[in-house]
Amino acid sequence: MPVTQALILAGGQATRMRPYTDDAPKAMVPVAGAPIVGYQLLWLAEHGVKHVMISGGYKHEIIQDYVGDGSRFGVTVGYAIEDQPLGRGGGLKYAAERLPEDGPFFVLNGDVICTDSLADLSRYHTRQGGAVTVALSPYRSNWGVADLDNDRIRGFVQSPRLPYWINAGIYVFEPHVVGLLPDKGDHEDSTFPQLATEGTLIGYRLSGYWRGIDTVKDVLEATKEIKGAGLLVPGEFRTTGIDI
């Protein structure tokens, strides 16, 4: 059965994204004109997701003003607003307990943009039979890497892909995992190590476009990539010009 519900973790303050996050949460940072959460909701709707719960905290009302009930994106959106910071794991648990169905669900960090097939991800998750499937992206260096012949430099390769895979901030969760999440804190420090020890934490290698938006530099680079790849969202979902 397809996964039809998801939650988005959008409660952090994202101090490394200032000045973009001085007056707005990270999920509302515009990339090529549209907030990150706009890309996410359109992507989820495109792949059959019907219900989305947004976990909010810092300046959450700005997300609510932009997203509303989700109908213009093609989904139904609810909100799980933290009275006090619960951490990623605590926020995830608080929001997951408010999903409308007792079934598997996608989880997105509020700072990732991706074009991969969620249907392929959910089918893989079902075949593997794990508790949580973690989408993985190839690790790309932030620096130019020297191409050496002994001590002589033949050239430099800018930001090459390295033979490692990183957590892409996109997951499929089975519902029973919610009870294993911390009430406060980070699930990657507690729940994930437990599942890894049990052999039920599964990795899925992404093949399509993926970008984590963690710094101002990421915003600028992602804007260029999205424009160059023709991935701009329709004007009705933009909040700024496409060069910002």
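Residues numbered from 1 in each chain as written. Predicted model: local features only at pLDDT ≥ 70, side-chain atom pairs only at ≥ 80, totals over all residues. Heavy atoms only, no water.

Caption draft 1: Structural context of the side chain of H187. Looking at the secondary structure, you find H187 in the loop between β11 (161-173) and α5 (191-198). If near-sequence neighbours (up to four positions away) are discounted, H187 is found in contact with R88, G89, L92, Y171, L181, P182, F192 and P193. (Helix = DSSP H or I, 4+ residues; strand = E, 2+ residues; numbered from the N terminus. Contact = heavy atoms within 4.5 Å.)

Caption draft 2: Representation of the side chain of K93. Structurally, K93 is set in helix α3 (residues 87-96). By relative accessible area, K93 is classed as buried at 12%. Apart from residues no more than four positions distant in its own chain, K93 is found in contact with V178, G179, L181, P182 and D183. (Buried < 20%, exposed > 50% of the residue type's maximum accessible area, 1.4 Å probe, protein only.)

Caption draft 3: Spatial organisation of a nonpolar patch on the surface. A surface patch of nonpolar side chains, amounting to about 340 Å² of accessible area, comprises L148, I153 and F156. Given the relative accessible area of 47%, L148 is considered partly exposed. (Patch = residues over 30% accessible without salt bridge, like charges linked within 9 Å, V, L, I, M, F, W, Y side chains within 5 Å. Areas by Shrake-Rupley, 256 points an atom, 1.4 Å probe, with all protein chains shown as cover. Salt bridge = Lys/Arg side-chain N within 4 Å of Asp/Glu carboxyl O.)

Caption draft 4: Structural context of the packing of aromatic side chains. Taken as a whole and assessed by the stated rule, the structure comprises seven aromatic pairs. Measuring from ring centre to ring centre gives 6.2 Å for F173 and F192, while their planes differ by 35°; the resulting arrangement is tilted. Taken together, the positions of F173 in strand β11 and F192 in helix α5 put the pair 19 residues apart, joining distant regions of the chain. Take F173 and F192: they sit in the same class, and that class is buried. These aromatic residues form a ring-pair network of at least three members: F105, Y171, F173 and F192. Across from the ring centre of Y66, 5.0 Å away, lies the NZ or CZ of R72, which sits over that ring. (Phe/Tyr/Trp six-rings, centres within 6.5 Å; stacked < 30°, edge-to-face > 60°. Lys NZ or Arg CZ within 6 Å of the ring centre and 35° of its normal.)

Caption draft 5: Structural view of the pairing of strand β6 (residues 105-109). Counted residue by residue, β6 has five buried out of five residues, so it is predominantly covered. The side-chain alternation of β6 yields two buried faces, one formed by F105, V107 and N109 and the other by F106 and L108. When strand β1 (residues 5-10) meets β6, the two strands line up parallel, connected through four bridges. In the strand pairing of β6, A6 is matched with F106. (Pairing = 2+ DSSP bridges.)

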